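Chain by chain, the residues run as shown.
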Amino acid sequence: MDLRIFNSLSKKKEKFIPIEKGKVKLYTCGPTVYDFVHIGNLRTFISGDIIKRVLKFNGYKVNHVMNITDVGHLTSDADEGEDKLVLAAKKSNKSVWDIAKFYTSAFKENLRSLHIQPSDKLPRATDHIKEQIAMIRKLESNGFAYISGGNVYFDTSQLKKYGKLGGIVEVGETRIDEDKNKRNSHDFVLWFTKSKFQDQDMKWDSPWGKGYPGWHIECSAMATKYLGDHFDIHMGGEDLAYIHHNNEIAQSESSIGSEPWVNYWLHSAFLVNNDKTKMSKSKGNITTLINLEENGYSPMDYRYLTLGTHYRKQLIFSRDGLDSAKNARAKLNQFVLKIKSKPIKIVEGEAYLTQFSAAINDDFNTAKSLSILSKLMKDSRLINGEKYSLILKFDEIFGLGLDDLGENIPTNIIKLAEEREKLRAIKKYDASDKVRDKIEKHGYTLLDEIDGYRIIKSSNSN
Ligand code: AMP
Ligand code: ZN
């Protein structure tokens, strides 16, 4: 079955064709580690996880790189404001390195609790200064960089086309002030030598003097280092497309000297609050995963909530919505526990698998795949074993940990139960009863059901 994905470059759904058969190289922009990420950021990281899981579901071997931004991201995505990490360090009287370390581990903890599969590489910008300098030098020698006012800038006027992803914001349309050092309004900083913050710890020697990199160059340098000069998919939140990603494309293709750098660009839409304002640290309207947990919600309730809205649609976050997700997930868990049995080959339920694959392969439509799940749960024609097997298959994408619900039955008990099934199949009932007694002695009870057996912990055992 074809996988079709919406490519922000063409603004169309396209058939996914990997560069190398059976393999996908995927880069997702990671967090700026100056604070706890909020659930809006996490929505984007869950979307990235779904994309990766769908690729794997289709049999692709995925090589995934996500960066950690620990330098150079100013309070505006353009070149204005202060370095987010430096600001956080000043406020808390800690070093920037401590801030980065603390929030990187908090981020990893969030990923774990949301069942977001870790990337193969999680490179930090500050560990790749050499690569960033090398890329800027290449841009200089290819005629795409100039020095002005102490900083090194990318010269967009040297490009045939700047802004391949569209949506370019013109100066004057935003509150961003024009930087007088720039020759053209869309030019951007590659290297700051005239640091705005003289007391900053994070500075490195460079051919242009002591300084630090602009934000965009880190992704270009690290993606190229780990995934090469041409790779399959690059993704991030929708706000990254117009400045960060347009700039990444400009500097990567100009330093590499060929195009396209990336075949498919994917962008996940914002999470907004009930009043439709974007959740954002600068607006002070954020909720973190810890806040949700303090209020009695599991990270899985939040993951379930995000599955209900297509990744390219805004997710409107409200307590009511989260409560519905929590209730729906509790019902799903109860259902799975009730039908939990030995996974079997899917025969009668094949149509469900086809429908499910069609939904997720249609630009990662998790909302539709959830409705297929609820249809499956209600279908009285299917035996529990098949339903359970299908649900586990669906959960390869949902990532709700449905294979891990309830007590873990030890393997020796499962072996005994299977031995008893074999004896019953050849009508050796005395022998099969003896095995059942043995299972009881171990503190487990076998329940015979129309489509097989179920093992539960005996109520008198502990
Ligand atoms: P940052 O830490 O600011 O670099 O952002 C990390 C990721 O979160 C980026 O991919 C952003 O596009 C994304 N992001 C930021 N705010 C939101 C939001 N309200 N909803 C969804 N994604 C967001
Ligand atoms: Zn990036």
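Draft legend 1. The environment of Ile414, seen in detail. Summarising the element assignment, Ile414 is placed in helix H13 (residues 411-425). Residues contacting Ile414, with those up to four places away along its chain left out, are Ile409, Tyr453 and Ile455.

Draft legend 2. Representation of the site of ligand 1 in the model. Among the 18 residues in the neighbourhood of ligand 1, the closest are listed as Gly40, Thr44, Asp239, Leu271 and Met279. One of the backbone N or O atoms of Thr32 is found 2.9 Å from an oxygen atom in ligand 1. Interatomic distance of 2.8 Å between a backbone N/O atom of Leu271 and a nitrogen atom of ligand 1. Starting from 500 Å² of accessible surface for ligand 1 in isolation, the protein chains cover 94%. Elements with a minimum of two residues in the shell around ligand 1: helix H1 (39-57) and strand S9 (231-237). Here the shell around ligand 1 takes 4 residues from H1, the largest share from any one element. Looking at side-chain class alone, the shell around ligand 1 contains 7 nonpolar, 9 polar and 2 charged residues.

Draft legend 3. Focus on the sheet that holds strand S4 (residues 61-66). Spatial ordering of the open sheet is given by S4-S3-S9-S10, a layout of 4 strands whose pairing is parallel. Every interior strand has two partners, whereas the edge strands, S4 and strand S10 (262-268), have only one. Put simply, the sheet's adjacent strands are angled 20° from each other on average, direction ignored. Contacts between H1 and the sheet are confined to strand S3 (23-28), S4, S9 and S10, with S9 contributing the most and set at about 155° to the helix. Sheet strands in contact with helix H5 (residues 215-227) are S3, S4 and S9, and its direction is about 160° off that of S3.

Rules used in this analysis
- Residues numbered from 1 in each chain as written.
- Chains lettered and ligands numbered in written order.
- Predicted model: local features only at pLDDT ≥ 70, side-chain atom pairs only at ≥ 80, totals over all residues.
- Heavy atoms only, no water.
- Helix = DSSP H or I, 4+ residues; strand = E, 2+ residues; numbered from the N terminus.
- Contact = heavy atoms within 4.5 Å.
- Near = heavy atom within 4 Å.
- Polar contact = N/O pair within 3.5 Å; in protein donor to acceptor, adjacent residues only side chain to side chain.
- Areas by Shrake-Rupley, 256 points an atom, 1.4 Å probe, with all protein chains shown as cover.
- Nonpolar A, V, L, I, M, F, W, Y, C, P; charged D, E, K, R; others polar.
- Pairing = 2+ DSSP bridges.
- Axes fitted to C-alpha atoms, helices over the stretch in contact; angles between N-to-C directions.

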